[in-house]
Structure formats: structure tokens, C-alpha cells
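The primary structure of each chain is shown beneath.
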Amino acid sequence: MASKRGALIVLEGVDRAGKTTQCKKLVQALQASGRPAEMMRFPDRTTTIGQLISAYLEKKSDLEDHTVHLLFSANRWELVPLMKQQLDRGITLVVDRYAFSGVAFTSAKPGFCMDWCMKPDVGLPKPDLVMFLQLNPAEAALRGQFGSERYETSAFQKSVQQKFKQLMKDPSVNWKVIDASKNVDDVHDDIKHHSLNAISAAENTPLGELWK
Ligand code: TMP
């Protein structure tokens, strides 16, 4: 008999909202309760495409804006066979950023509309749950300085946040907004609660296709 599939769970949010910390804590908690789970992150900088993206983010190379957008999308598509294989095996995937970051960051650049930005990611495995870690800019500022990578300025991050807000209006995606200003353990409890519900629901529903 085929085993129940794992859930595809994505964490998105503004910089310094604690996405990576929370992804790790969620995977640990799921594993500790006997639920197979693994973490992934996008961009995955380990692949050949990921290395091009990484050099661009570190400002070691320049890439034309459409080109880098398509590379970010290609970096997701190249991991799709592995993602499907793991979900089929009953492993829940906890993903740090996904297509929503792709659209929010590129469409915050001049001359890009959201519709064009969404197109390359149409048909990707659809997350069963997308949690947006919400933190207002003042609170984010208290958590320290931005790093030195591309996009790490408060003006750009503000536009990105507006784009995320628009994406969250889409009822075809199971969005949950998480108050990331709470302490790490309380945020984790909220995330775990939503994740357990999503894992149960995913067992009885086929994996969907994003924005299709
Ligand atoms: P991170 O590795 O620290 O999460 O940073 C990745 C950077 O790349 C971050 O600024 C968000 C940006 N990004 C895009 O522009 N498009 C994408 O598709 C993804 C996944 C991230």
C-alpha cells in the first residue's frame, strides 16, 4: 500500500523575521514527534545554477534582471523531481523561501509586473501551507544591521513587503500570517500548530500545482 504523502510547507517573510531559525526548529520538532521531515532552502546555492545566483547576490557578478529571475525559477524547477520523490515517500518538506520570494523580489524592481514574474513558476508543486513571518520595519531594525548582499536595504525591503501583501490576497494559496515579533518559542508554537494541521490535510489530498 502506498504510504501517505508528506506536506510541502513554506516559510516566507521579510529579512530578519527568523525564517531560517524557525524552519530548523520545525524540522527538529516534527522529527522528534516521529514525523519524517527535511529542510530545503531557495535559492539552493549548491547547484550549478545556484552558484550563479549566489555570485550575483554576493555582488561578485552582474546579471540582467530578467535573466536572474529565470535562474531563481530554474533553481526551483531543477529540485522538483527530488521534492516529489521525498513527498511521495511521506517526508514533509519545510522550505525556506519559494516562488513567492521570487515574485516579490523581482516585481519590486522597476519595470516588472507581478504577472510576468509569476509565469515561470506556474505549475511548481503547490505548497500545502505558506506561512508569512510578519515583522514591522522598526522591529526588524532592532534585530541588527542588514548584511552586504544585494537587496539588503530598507527601501527595497519595504517594496518587497508590499508585493508580498499583494500575493497574500490570492485565495488559491493557503497563507497564514505569523506574528514574528513574539519570542522564538511562541512563534515556533504557532508555526507547529499550523504545520500539524497541514500535514494531516495533505495525507488525504493530492499535491497541487502552483498558480494553475
Ligand atoms: P537568503 O539565501 O538569505 O534567503 O537570500 C536570498 C536572497 O535572494 C534574498 O534577498 C531573497 C532573494 N530571492 C530572490 O530574489 N528570488 C527568489 O526566487 C528567491 C528564492 C530569493
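These numbers were taken from a predicted model, which means no experiment stands behind them.

Trainee: Run through the overall build of the chain, naming residues and quoting values.
Mentor: Of regular secondary structure, the chain possesses 9 helices and 7 strands. Oriented by its inertia axes, the alpha-carbon framework of the chain measures out at about 50 × 35 × 30 Å. Buried residues in the chain amount to 49% of all 212 residues. For the chain, long-range pairs separated by at least 24 residues make up 82% of all intrachain contacts whose partners lie at least 6 apart in sequence. Counting every atom, the chain has about 10300 Å² of accessible surface; 53% of that belongs to carbon and sulfur. For the chain, the distance from the average site of its 28 positive side-chain charges to the average site of its 25 negative ones is 1 Å.

Trainee: So what's going on with the sheet that holds strand β5 (residues 129–134)? Which residues, and what values?
Mentor: Taken in spatial order, the 5 strands make up an open sheet running β2-β3-β1-β5-β6, and their pairing is parallel. Looking at which strands have only one partner, the edges of the open sheet turn out to be β2 (37–41) and β6 (175–179). In this sheet, neighbouring strand axes are inclined to one another by 25° on average, regardless of whether the strands run parallel or antiparallel. Relative to strand β3 (residues 92–96), β2 runs parallel, the two being bridged by 5 bridges. For Glu38, the partnering residue across the bridge sits in β3 and is Leu93. Helix α4 (residues 80–88) contacts β1 (8–13), β2 and β3 of the sheet and is inclined by roughly 140° relative to β3. Contacting β1, β5 and β6, helix α5 (residues 99–107) runs over the sheet at an angle of about 25° to β1.

Trainee: Go over the UniProt feature "domain: Thymidylate kinase-like" (unreviewed entry) in the chain with me, naming the residues and quoting the values.
Mentor: Sequence positions flagged by UniProt for "domain: Thymidylate kinase-like" (unreviewed entry) are, in local numbering, residues 11–191. Annotated as residues 11–191, this span is 49% helix and 14% strand, and its ends, taken at the C-alpha atoms, are 9 Å apart.

Trainee: Please provide a residue-by-residue account of the pattern of salt bridges, values included.
Mentor: Scanning the entire structure with this criterion turns up 13 salt bridges. Between Glu203 and Lys4 there is a salt bridge whose closest N-O contact spans 3.9 Å. With a gap of 199 residues between them, Glu203 in helix α9 (residues 184–203) and Lys4 in the segment before β1 connect regions that are remote in the sequence. For Glu203, a relative accessible area of 34% corresponds to the partly exposed category. As a salt-bridge pair, Asp190 and Lys182 come within 2.9 Å of each other at their nearest N and O atoms. Residue Asp190 is classed as partly exposed on the basis of its relative accessible area, which comes to 23%. The class of Lys182 is partly exposed, set by a relative accessible area of 34%.

Trainee: Before we move on, can you summarise the pairing of β5 with the specific residues and values?
Mentor: It is a general feature of regular strands that their side chains alternate between the two faces of the sheet. Of all 6 residues that make up β5, 5 are buried, and the element is covered over most of its length. Of the strand pairs in this sheet, β1 and β5 are connected by 5 bridges, and their pairing is parallel. When the bridges of β5 are listed, Glu12 appears paired with Phe132. Pairing of β5 with β6 involves 5 bridges; the strand directions are parallel. Along β6, the bridge assignment pairs Gln134 with Asp179.

Trainee: Help me get a handle on the packing of α5 against helix α8 (residues 154–167), residues and values and all.
Mentor: The N-to-C vectors of α5 and α8 enclose an angle of 130°; their axes lie 8 Å apart at closest approach. Relative to α8, the element α5 is oriented oblique. Crossing handedness for the pair α5 and α8: right-handed. Taken together, the residues of α8 that come into contact with α5 (itself represented by Phe100, Ser101, Val103, Ala104, Phe105 and Ser107) are Phe156, Gln157, Val160, Lys163, Phe164 and Leu167. Within the contact of α5 with α8, the residues separate by chemical class into 8 nonpolar, 3 polar and 1 charged.

Conventions we followed
- Starting from 1, residues in each chain are numbered consecutively following that chain's sequence as written.
- Under the rules for a predicted model, residues below a pLDDT of 70 receive no local features and side-chain atom pairs below 80 are neither given nor counted, while totals for whole chains, interfaces and linings still include all residues.
- To obtain the side-chain values, all non-hydrogen atoms of the structure were included, while hydrogens and water were left out.
- Starting at the N terminus, helices and strands are each numbered in turn, a helix being any DSSP run of H or I of at least four residues and a strand any DSSP run of E of at least two.
- Burial classification: accessible surface area is computed with a 1.4 Å probe over protein chains only, and a residue below 20% of its type maximum counts as buried, one above 50% as exposed, and the rest as partly exposed.
- Should any heavy atoms of two residues lie within 4.5 Å, those residues are considered in contact.
- Each accessible area value is a Shrake-Rupley result obtained with a 1.4 Å probe; residue values ignore everything except the protein chains displayed when judging cover.
- Under the convention used here, Asp and Glu are negative, Lys and Arg are positive, and both His and the chain ends fall outside the count.
- Charge positions come from single atoms, namely NZ of Lys, CZ of Arg, CG of Asp or CD of Glu.
- Two strands are said to pair when DSSP picks up at least two bridges between them.
- Whenever a helix is involved, its axis is fitted only over the stretch in contact; in every case the axis is a line through C-alpha atoms, and angles between N-to-C directions fall within 0 to 180 degrees.
- UniProt positions are given in the numbering used here, feature names are shortened, and annotations may be inferred rather than shown by experiment.
- For this analysis, a salt bridge means a side-chain nitrogen from Lys or Arg found within 4 Å of a carboxyl oxygen belonging to Asp or Glu.
- Oblique is the label for any angle not covered by the other classes, which are roughly parallel (under 35 degrees), roughly antiparallel (over 145) and roughly perpendicular (65 to 115).
- For a crossing to be left-handed, the near helix must be turned anticlockwise from the far one by less than a right angle; the clockwise case is right-handed.
- All amino acids are sorted into three groups, where Ala, Val, Leu, Ile, Met, Phe, Trp, Tyr, Cys and Pro are nonpolar, Asp, Glu, Lys and Arg are charged, and the leftover types, Gly among them, are polar.

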